[in-house]
Amino acid sequence: MKKSAKGIGLAIVGGGRVGLFRGEVAARHMAVEWIGLAEKNPARAKEVAAKIGADFVTADHRELIRRPEVTAAIIATDEHLHVDPIMAGVERGIPMLIEKPLATDLAQSARVLKAIERAKIDAVVGYTQRFRRKWLGAKEKVRTGALGDVTLVSSRAFMNRLVAIDNYQRTDAPETISPMVISGTHALDIVMWYLEKKTPVECYARSIDKVLGPLYRGIDATAGMIMFGDGTVYHLNISWALPVTWPGAVYSLEVGIVGTEGVLTIDDTHRDIVLAVSAPQSEGYHPDQRRLVDFMGSYPPGDMALGELRGPMREETDSWLNRVAMGHATQHATAAEAHNRLMLTKALDLSAKLKQAVPLPLQPQELGREWKYA
Ligand SMILES: NC(=O)c1ccc[n+]([C@@H]2O[C@H](COP(=O)([O-])OP(=O)(O)OC[C@H]3O[C@@H](n4cnc5c(N)ncnc54)[C@H](O)[C@@H]3O)[C@@H](O)[C@H]2O)c1
């Protein structure tokens, strides 16, 4: 059978950690014929452009996205800086792989989603964990009814506090950063993807701020419940304030799914490969001098081996490039799903703040207003 791929002219906006990972994968992909990079930091732009063999480099994402060679874009800027480059991509009408979230503000996220849908753009969002094999295996069992009707899901996400500190140090608006919105969203996406036929109707949550509150006006942990129209309950928690020495590099996750006819538990804590060393390591997420024990494989994008990224972000990027080049159907999160995840995480944060249940879906205009629901 003869197959033909469309050549891709790829724009990468944001050459940080993720822009580099994805750029290196793209540089190896057969269909990618041209790569342009927009990176605001000149030193970083130079370094990343050399590593990915960029054909064009600029500090201005608009200049890049206007280039005639560009046929698809990866938007990998900081969480709160996605909107402008996404809108530039919408204007050009190109398919996009966007890092989560669409926007950090719910009203902006709704606006971006509307623009994407109106322009009929194939825009997907980087919920990378959908590409880990264990989550895919579980998806298949839930989808094909092996568990009967799912009635209860529980997820526990434990992270050391390095990601939280990194996020709070980079912002002057700590109230926009929360463990649910930034990190809890990954577990939430997996579970909501499993429960995609069900409708969430209400949520309730409480937060704790004993460690990051005094230091950064931040939140340590949030525990909550999402209730569905058919009585199903999703019970979730995330703490991103564990000691720096906690060996899960970023994400240690346990999920249990109970149905009327079965149960499925997933251990994604990465305790299966434990590394202990006498001297600090040079690889991993923000290596810290105090961390000498690591659960290898817990860094969400994957691990570097023999000079290449191995793991879910590589599979996700390759799969998206195949989607663009060959029209393959893939399991990427849609922009509508990404907006839904932001809405749910904002609703959980609001519930924790108000210490009362919040009806779903949460409308953007309900945030920041005196809450009327009693
Ligand atoms: N899917 C995952 O597993 C995963 C993992 C880590 C991060 N992320 C997401 O990826 C995104 C990027 O995270 P990161 O860790 O790479 O951040 P980072 O800070 O390392 O990189 C962001 C880069 O974007 C650049 N930038 C910002 N605005 C720009 C603009 N308009 N034009 C050009 N360059 C611009 C910055 O200078 C910076 O170099 C975030 O949304 C984050 O949530 C996803």
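Residues numbered from 1 in each chain as written. Predicted model: local features only at pLDDT ≥ 70, side-chain atom pairs only at ≥ 80, totals over all residues.

1. Description of helix α2 (residues 42-52)
Thinking step 1. Within α2 the residues assigned to the buried category are Val48, Ala49 and Ile52. All buried residues of α2 project into a common sector of 105° when viewed along the axis, lining one side. Across from the buried face of α2, at angles greater than 90 degrees, the exposed residues are Ala43 and Ala50.
Thinking step 2. Residues of α2 that are buried sit in contact with α1 (17-28), β2 (32-38) and β3 (56-58).
Thinking step 3. A positive backbone phi angle near 60° is found at Gly53, which sits one or two residues after α2. (Buried ≥ 20, exposed ≤ 12 C-beta atoms within 10 Å, placed from the backbone. Helix = DSSP H or I, 4+ residues; strand = E, 2+ residues; numbered from the N terminus. Arc of directions from axis to C-beta. Contact = placed C-beta atoms within 7 Å.)

2. Here's the deal with the pairing of strand β4 (residues 72-75)
Thinking step 1. With burial as the criterion, each face of β4 is covered, one bearing Ala72 and Ile74 and the other bearing Ala73 and Ile75.
Thinking step 2. Where strand β1 (residues 8-13) and β4 come together, 4 bridges link them in parallel fashion. Counted as the bridge partner of Leu10 is Ala72 from β4.
Thinking step 3. Where β4 lies against strand β5 (residues 96-98), 3 bridges are found, and the strand directions are parallel. (Pairing = 2+ DSSP bridges.)

3. Structural notes on the nonpolar core
Where a protein is soluble and globular, its nonpolar side chains tend to be buried together.
Thinking step 1. One finds Leu10, Ala73, Leu102 and Val191 to be the most contacted residues of the largest nonpolar core, which totals 93 residues.
Thinking step 2. Both of domain 1 (8-128 + 323-333) and domain 2 (133-295 + 334-374) provide at least three residues apiece to this core.
Thinking step 3. Here Leu102 is in contact with His82, Ile86, Ser109, Val112, Leu113, Val125, Ala335, Ala338, His339 and Leu342, once residues within four sequence places are set aside. (Core = buried A, V, L, I, M, F, W, Y, C linked by C-beta atoms within 7 Å. Domains from an automatic or database assignment.)

4. With respect to the site of the ligand
Thinking step 1. By nearness alone, 26 residues border the ligand, and Gly14, Gly16, Val18, Thr77 and Glu99 come closest of all.
Thinking step 2. Considering every element that reaches the shell around the ligand, the biggest residue donor is α1, with 3 residues.
Thinking step 3. Across the shell around the ligand, the residue classes tally to 9 nonpolar, 9 polar and 8 charged. (Near = placed C-beta within 6 Å. Nonpolar A, V, L, I, M, F, W, Y, C, P; charged D, E, K, R; others polar.)

5. Thoughts on the domain arrangement of the chain
Thinking step 1. Each domain of the chain was delimited in the assignment, giving domain 1 (8-128 + 323-333) and domain 2 (133-295 + 334-374).
Thinking step 2. Using only C-alpha atoms to locate each centre, domain 1 and domain 2 end up separated by 25 Å.
Thinking step 3. At the junction of the two partners, domain 1 supplies 17 residues and domain 2 supplies 17 residues.
Thinking step 4. For the side of domain 1 that touches domain 2, the secondary-structure elements that each account for two or more residues are α5 (106-118) and β6 (123-125).
Thinking step 5. Broken down by element, the side of domain 1 that touches domain 2 gets its largest block of residues, 6 residues, from α5.
Thinking step 6. When its residues are assigned to classes, the side of domain 1 that touches domain 2 shows 12 nonpolar, 3 polar and 2 charged.

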